[in-house]
Amino acid sequence: MTTSTLRRALTTTATVGVLLLAATACSDDSSAEQTPTTASASSSAPASAPASASASPTGSDRSTPMDIRVTIDGQEVEATLNDSPAARDLASLLPLTLDLKDFHGTERIADPPRKLTTENAPEPLAPKAGDLAYFAPWGNLAIFHKDGPSASEDLLVLGHIDADADVLSGADRITIEAAS
């Protein structure tokens, strides 16, 4: 087995493990009702994420998409996460419901319940309209409704939301869930 094939297999296994954990958490048969995590755009996220235990994927392995279910202001839209460590860390927090606010007329932002890992981050990309990204210094998620600034090591593109710019630019609330 080549190194590339082994890395791809480990990455796939890690992705399946994250999705199984999310599914298991959602199917807990305890009598307590489970509700999605809700965070407002003004909440803080002081904790940092633990390092990933999986093997470090190569650049080409990071392009394997993970389907997610996204609802923006009650409207379901198609979306995917890439297979970067930060995107997998976000997937481990699902389901999430976040209140969004405008940032510089280019993106809608919100704070997840904790900071995401930035370990083994892929090469920086300039965000495009529809991209879901993570701004590491502030620990916030960003949904771009216009093309963003040039590529920066501080901004990690996590995936893409297939929605019109008008829907994204006026979004007040987003729910992100693991696809079934």
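Coordinates for the structure precede this section.
Keep in mind it's a predicted model, so treat the numbers as computed, not measured. (Residues numbered from 1 in each chain as written. Predicted model: local features only at pLDDT ≥ 70, side-chain atom pairs only at ≥ 80, totals over all residues. Heavy atoms only, no water.)

Asker: I'd like to hear about the overall build of the chain, residue by residue, with values.
Answerer: Regarding its fold elements, the chain presents three helices and 10 strands. Beginning at the N terminus, the succession of helices and strands in the chain can be written as α-β-β-β-α-β-β-β-β-β-β-α-β. Expressed as a percentage of its 180 residues, the buried residues of the chain come to 38%. Total accessible area on the chain stands at roughly 9,400 Å², and carbon and sulfur atoms take up 53% of it. (Helix = DSSP H or I, 4+ residues; strand = E, 2+ residues; numbered from the N terminus. Buried < 20%, exposed > 50% of the residue type's maximum accessible area, 1.4 Å probe, protein only. Areas by Shrake-Rupley, 256 points an atom, 1.4 Å probe, with all protein chains shown as cover.)

Asker: Quick one: what's the story with a negative patch on the surface, residue by residue and with numbers?
Answerer: Taken together, the side chains of D67, E76, E78 and D162 present a region of like negative charge at the surface. Inspection of the secondary structure assignment puts E76 in strand β3 (residues 75-81). (Patch = residues over 30% accessible without salt bridge, like charges linked within 9 Å, V, L, I, M, F, W, Y side chains within 5 Å. Salt bridge = Lys/Arg side-chain N within 4 Å of Asp/Glu carboxyl O. Lys, Arg positive; Asp, Glu negative; His and termini not counted. Charge placed at Lys NZ, Arg CZ, Asp CG, Glu CD.)

Asker: Tell me about the pairing of strand β10 (residues 173-178), and please be specific about residues and values.
Answerer: Where strand β2 (residues 66-72) and β10 come together, five bridges link them in antiparallel fashion. Looking at the pairing, T71 lines up with T175 of β10. For strand β4 (residues 96-99) and β10, the ladder comprises four bridges, and the chain directions are antiparallel. What sits directly across from L98, in β10, is I174. (Pairing = 2+ DSSP bridges.)

Asker: Break down the packing of aromatic side chains for me, with residues and values.
Answerer: Within this structure, the stated rule accounts for two aromatic pairs. Centre to centre, the rings of F103 and W138 are 5.4 Å apart; their planes meet at 85 degrees, and the pair counts as edge-to-face. With a gap of 35 residues between them, F103 in strand β5 (residues 101-103) and W138 in the loop between β7 (131-135) and β8 (140-144) connect regions that are remote in the sequence. Measuring from centroid to centroid gives 5.1 Å for F135 and W138, while their planes differ by 80 degrees, and the two rings are edge-to-face. Judged by relative accessible area, which is 23%, F135 ranks as partly exposed. One aromatic cluster is present, formed by F103, F135 and W138 through successive ring pairs. (Phe/Tyr/Trp six-rings, centres within 6.5 Å; stacked < 30°, edge-to-face > 60°.)

Asker: Give me the side chain of N82: which residues, what numbers.
Answerer: Within the secondary structure, N82 sits in the loop between β3 and α2 (85-92). A relative accessible area of 16% means that N82 is categorised as buried. In terms of polar contacts, N82 uses its side chain to reach the side chain of S84, at 2.8 Å. (Polar contact = N/O pair within 3.5 Å; in protein donor to acceptor, adjacent residues only side chain to side chain.)

Treat this as a map of the structure, not an account of what it does.
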